[in-house]
Amino acid sequence: MDQLAPGVWLLRGFPRNAINVYLVEDVLIDAGTRWCHRRIAKQVRGRPISAIALTHCHADHQGSAHRLCLDWNVPLACPEADVPAMEGRAPFEPQTWGIRFFHRLWGGPPHRVDQVLREGDEVAGFRVVAAPGHTPGQVMFFRESDRVAIVGDVLNNMNLVTMRTGLHEPPRLFTADVAENRRSIRKLAEFAPRLVCFGHGPPLRDCSQLERFIERDLSESTSDTGESPKHPGDIT
């Protein structure tokens, strides 16, 4: 594991930074795909884990949650609007062929949610911030003291095809509401974070890049239409 900030570690994966899992104090943030459980368990072995908390319910974030919750006998926390999907009572959103394909490939079994995450809740010293759009319930985790943000898939810091580092909106194929997600990106910027930790891509410490991304790619001319500007690697 790589320590990013006090009490915050990034677990190592392969390919590096492709699908990120974080340990915050004694809480695991996101759980990778269903194939990740051994890698995750090995890296946190010897550390007490009190809970697993999800930024949102997609296959590459909830995949090992069921297995690890059972193995560690810990509760699962999930954003309120994504609870039905996590518990198997509703499909993952958006209901596209891409979401269905990766759910079959990577998704884990349903699991009962023990803690419903809502705006203003606290997880391991981080405030829960509603950030819908990519999924109906997606949340970010933000720590005021040092302005560290763990943002799930509000933004990617990696081209998902070439694996090159760089800020991108999540692909439209996997995003329930592009316009709503853009509002969540702007909401993130309003916190003026000093460190941004993504679901995909390396952490970002030069957060002036976030401001430039918004100015360049989220201009008023596109945000009002609900259309997402295309980047190499976006899946249409």
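Right above here is the structure, for reference.
Numbers given to residues run from 1 along each chain, matching the order in which its sequence is written. For a predicted model such as this one, the threshold for reporting local features is a pLDDT of at least 70, and the threshold for listing and counting side-chain atom pairs is 80 or more; totals across whole chains, interfaces and linings nevertheless cover every residue. As a rule here, side-chain values come from all non-hydrogen atoms in the structure, and water together with hydrogens is ignored.

Student: Would you take a moment to explain a nonpolar patch on the surface for this structure?
Tutor: A residue counts toward a patch only above 30% relative accessible area and without a salt bridge, and it is joined to like-charged neighbours within 9 Å or, for Val, Leu, Ile, Met, Phe, Trp and Tyr, to nonpolar neighbours within 5 Å. With residues, only the protein chains shown are counted as cover, and all accessible areas are computed by Shrake-Rupley using a 1.4 Å probe. Put simply, a salt bridge is a Lys or Arg side-chain nitrogen that is within 4 Å of an Asp or Glu carboxyl oxygen. A contiguous nonpolar surface patch, about 320 Å² in accessible area, is contributed by Trp97, Phe101 and Leu105. Only DSSP runs of H or I reaching four residues or more are called helices, and only runs of E reaching two or more are called strands; each is numbered from the N terminus. Assignment of secondary structure puts Leu105 in helix 5 (residues 97-106).

Student: Teacher, can you tell me more about the packing of helix 1 (residues 37-44) against helix 3 (residues 65-72) here?
Tutor: What describes two packed helices is the angle between their axes and the distance between those same axes. One can describe the packing of helix 1 onto helix 3 by two numbers: an axis separation of 10 Å at closest approach and a directional angle of 40°. In this view, helix 1 runs oblique relative to helix 3, as classed from their interaxial angle. Judged by the twist between their axes, the crossing of helix 1 over helix 3 is right-handed. Here helix 1 contributes His37, Ile40, Ala41 and Val44 to the contact with helix 3, which in turn contributes Arg67, Leu68 and Trp72. Nonpolar residues are Ala, Val, Leu, Ile, Met, Phe, Trp, Tyr, Cys and Pro. Charged residues are Asp, Glu, Lys and Arg, and all others, Gly as well, are polar. Across the contact of helix 1 with helix 3, the residue classes break down as five nonpolar, one polar and one charged. Think of each axis as a best-fit line through the C-alpha atoms, taken over the contacting stretch in the case of a helix, with angles from 0 to 180 degrees between the N-to-C directions. Orientation categories follow fixed angle ranges, with anything under 35 degrees roughly parallel, anything over 145 roughly antiparallel, 65 to 115 roughly perpendicular, and all other angles oblique. Helix crossings get a hand from a simple test, with the near helix turned counterclockwise from the far one by less than a right angle marking a left-handed crossing and a clockwise turn marking a right-handed one. The contact rule is simple, with two residues in contact once any of their heavy atoms fall within 4.5 Å.

Student: What's the story with the environment of Val148 in this structure? I'm lost.
Tutor: With respect to the helices, strands and loops of the structure, Val148 is situated in strand 11 (residues 148-150). The classification of residues rests on relative accessible area computed with a 1.4 Å probe and restricted to protein chains. Under 20% of the type maximum is buried, over 50% is exposed, and intermediate values are partly exposed. Relative accessible area serves as the criterion here: at 2%, Val148 is assigned to the buried category. In the structure, Val148 is positioned 140 residues away from Val8 in sequence and 9.2 Å away in space, judged by C-alpha atoms. Each residue touching Val148, except ones within four places of it in the same chain, is listed here: Ala5, Phe126, Phe141, Phe142, Arg143, Leu195 and Cys197.

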